[in-house]
Amino acid sequence: MKQLIIFIKKEFLHVFRDRKTLLMLFGLPIAQIVLFGFALSNEIKDSKIVVADYSKDAVTTKLTDKIAASKYFDVEYNLQSASQIEAAFKKGTIKMAIVFPENFAEDLMHTNKATVQVIADASDPNVATAITNYVTQIINDFNSQLSNSSPQPLQIMPQIQMLYNPELRGAPNFVPGVMALVLMLVCTMMTSVAIVKEKELGTMEILLVSPFKPLYIIISKLTPYLIISVVNLFVILILSSLFLDLQVKGSVLLLVFGSILFILTSLSIGLLLSIGAKTQQAAMAGSLMGMMLPTMLLTGFLFPIENMPIALQLLSNIVPSRWYFLIIKKVMLKGLGFSAVWKEISILTVMSVSLFVLSLRRFKIRLQ
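Computed from a predicted structure; not experimentally measured.

Conventions adopted
Sequence order as written defines the numbering, with residues in each chain counted from 1. Only residues with pLDDT of 70 or above have their local features reported here, since the model is predicted, and side-chain atom pairs are shown and tallied only from 80 upward, although totals for entire chains, interfaces and linings are computed over all residues. Only hydrogens and water are set aside when side-chain values are computed; all heavy atoms of the structure are taken into account. We call a set of buried Ala, Val, Leu, Ile, Met, Phe, Trp, Tyr and Cys residues a nonpolar core when their side-chain atoms join them within 4.5 Å. Accessibility here uses a 1.4 Å probe with only protein chains present; expressed as a share of the type maximum, an area under 20% marks a residue as buried, one over 50% as exposed, and anything in between as partly exposed. Secondary structure is summarised from DSSP: a helix means a run of H or I of at least four residues, a strand means a run of E of at least two, and numbering begins at the N terminus for each. Contacts are assigned to residue pairs with any non-hydrogen atoms lying within 4.5 Å of each other. If DSSP finds at least two bridges between two strands, the strands pair. Helix span, as expected, comes to 1.5 Å for every residue beyond the first. For every residue, the predictor assigns a confidence score, pLDDT, that lies between 0 and 100. Only protein atoms enter the calculation, which uses a 1 Å grid: trapped sets of points that fit a 1.4 Å probe without letting it out are cavities, open sets showing protein on both sides within 12 Å along at least five of seven lines are pockets, and any residue with an atom within 4 Å of a point is a lining residue. Grid points are joined across faces, edges and corners, and a volume is the space filled by probe spheres set on the points. How far each domain reaches was decided by an automatic or database domain assignment. Between 30 and 60 degrees the pair is tilted, below 30 it is stacked and above 60 it is edge-to-face, where a pair is any two Phe, Tyr or Trp rings, Trp via its six-membered ring, whose centres lie within 6.5 Å.

(A) Up close: the nonpolar core. Counting 40 residues, the largest nonpolar core has Met179, Leu233, Tyr324, Met332 and Leu348 as the members making the most contacts within it. For this core, the secondary structure elements donating two or more residues are α7 (171-192), α10 (214-243), α11 (252-276), α14 (320-333) and α15 (338-367). Excluding its chain neighbours within four sequence positions, the residues that come into contact with tyrosine 324 are Met179, Ala180, Leu183, Leu233, Gly258, Ser259, Phe262 and Leu348. Ranked by size, the runner-up nonpolar core spans 31 residues in total, among them Phe100, Val118, Ala120 and Ala122.

This is the structure we're talking about:
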C-alpha cells in the first residue's frame, strides 16, 4: 500500500510539473464553460431595427414605443424611403425594418383593421424567424389593448417579408459557415506540421546549410497548400450550386479574392503554430482546439455576436473567420460589390500580411 501511495504521489508530481497538461486539465474546461455559457444563447436580444413611419399618428407612435421598449429590439433611427431601407439591409446594419403606411390610424378606425409591413433579413433564417415572432407577439399584445379600449374589435395585421432567403432555407446560412470552418481548420492543420515535420525527420539541418533564403522556404511551404485550398473552395462552390441550389449572386472574382486572403491568413496561423511546436501531434492538437471553437462560436455562424458580452464581441474581432463569414454572406447571398466588403477585405489583408511577416521572423530566429 505504501508503494502504491508513493507511485500515486509521483504521478501527481508529474502532472503538476507539466504546464501543458495543467492547461488541458483546467484551462480548457474553464474556457469552454465561459465561451459556451455566454455565447450559446437561443434568445435574440437588442436586434437593430428601423421604423419607417409614413403615417406619424398616435397609434403608430404608441406601437413604435412599445416595440422600442422591448429587450429584443434596438430602434436606432427612422428611415423614410424604400431605398434607405434597402441600403441599410445591404450594409448589414439592421436585422429588420417596420413600415407603417400612410393614413394608418384612419384605416384602422374606419375599416377596423390595418396592415404593417415587417421586413427581415433572412440570410440567417433562425434569427429572422425569431425576431419576426417577437414583433408579431408585440403586435398581438397591442391588438388586445386596442380591443379593450374600443367598442369595436380593432386589428393590426403584420405583413412579413423575408429578404435574401424568402423560403427560409438553411443552406444560405449553413454553407458560408461551413466554408469558413472548413477552410480555417484544413489550412491551419495542413501548415501546422510543415516546419515541425522537418525537425522530427532531421531535415532541418539541411535547410540550415541550404543556400535558399528563409523567405523562399516559407513560400515553398505555403504554395502547395494555397493551391489545394483554392481547389477545395471551387469544389464547395460547385457542390453548393449543384446540390443545394445556392449560386453566387455577386462577383465570383471578388469572392475568390476574399477567400484567398482568408486562406493565406489561415496558412500563416498554422505556420506560426508549426514553428513553435515541438511535435506534429502538438501542432495538430493546437490548430484543432485553438481554431475550431473560436471559428464556431465567434463568427456569427451559430450564434449572433451582438448577443454576446462586450468582451467576447471584442475578442471576435481578432478571429479571421468572422470577417470572411461576412464577406461570403454579402457577396454570395446578397450580391454586393467591393464597396460593401472593403472593410472586411482590409482587415483580412492586414491580418494575412502581419501573420506572414511574424512567421518569417520567427522562422529566421529558429534557423539561427
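(B) Inspection of the pairing of strand β1 (residues 47-53) at higher detail. Among the seven residues that make up β1, six are buried, leaving the element largely enclosed by the rest of the structure. Relative to strand β3 (residues 96-100), β1 runs parallel, the two being bridged by five bridges. From the neighbouring strand, valine 51 faces β3, where its bridge partner is isoleucine 98.

(C) A look at helix α12 (residues 280-297). With 18 residues, α12 extends 26 Å from end C-alpha to end C-alpha; this agrees with the ideal 26 Å at 1.5 Å per step. Taken as a whole, α12 has its buried residues at Ala283, Ser287, Met291, Leu293, Pro294, Thr295 and Leu297.

(D) Local environment of the confidence of the model for the chain. For the chain, the average pLDDT comes to 78, and 81% of its residues sit at 70 or higher. For the chain, helix α2 (residues 19-39) is the element with the lowest average pLDDT, namely 58, and α14 is the one with the highest, namely 89.

(E) Structural detail: the layout of surface pockets. Space inside the largest pocket adds up to approximately 990 Å³. Lining the largest pocket we find 37 residues, and of these Gly92, Lys95, Glu306, Arg322 and Leu326 sit closest to its centre. Where the lining of the largest pocket is concerned, the elements lending two or more residues are β1, α13 (310-316), α14 and α15. In this structure, the lining of the largest pocket is formed jointly by two domains, domain 1 (2-39 + 170-362) and domain 2 (47-163), each of which donates at least three residues.

(F) Summary view of the environment of aspartate 65. Summarising the element assignment, aspartate 65 is placed in helix α3 (residues 58-69). On the accessibility criterion, aspartate 65 (47% relative accessible area) is partly exposed. Considering only alpha carbons, one finds aspartate 65 and valine 75, 10 residues apart in sequence, at a separation of 9.3 Å.

(G) How the structure looks around the packing of aromatic side chains. Applying the stated criterion across every chain yields a total of three aromatic pairs. On the numbers, 3.9 Å between centres and 15 degrees between planes, the contact of tyrosine 72 with tyrosine 134 is stacked. Pair noted here: tyrosine 72 is in the loop between α3 and β2 (73-78) and tyrosine 134 is in helix α6 (residues 125-149), with a separation of 62 residues, a long-range link. On the accessibility criterion, tyrosine 72 (22% relative accessible area) is partly exposed. Here phenylalanine 262 and tyrosine 324 contribute two aromatic rings whose centre-to-centre distance is 4.4 Å and whose plane-to-plane angle is 5 degrees, an arrangement assigned as stacked. Here phenylalanine 262 is found in helix α11, whereas its partner tyrosine 324 is found in helix α14, with 62 residues between them in sequence. Tyrosine 324 carries the same exposure label as phenylalanine 262, and that label is buried.

(H) Focus on α14. Helix length check: α14 (14 residues) gives 20 Å between terminal C-alpha atoms against 20 Å at 1.5 Å per residue, within 8%. Extensive coverage of α14 is indicated by the burial of 13 of its 14 residues. Glycine 335 sits one or two positions beyond α14 and adopts a positive phi of about 70 degrees.

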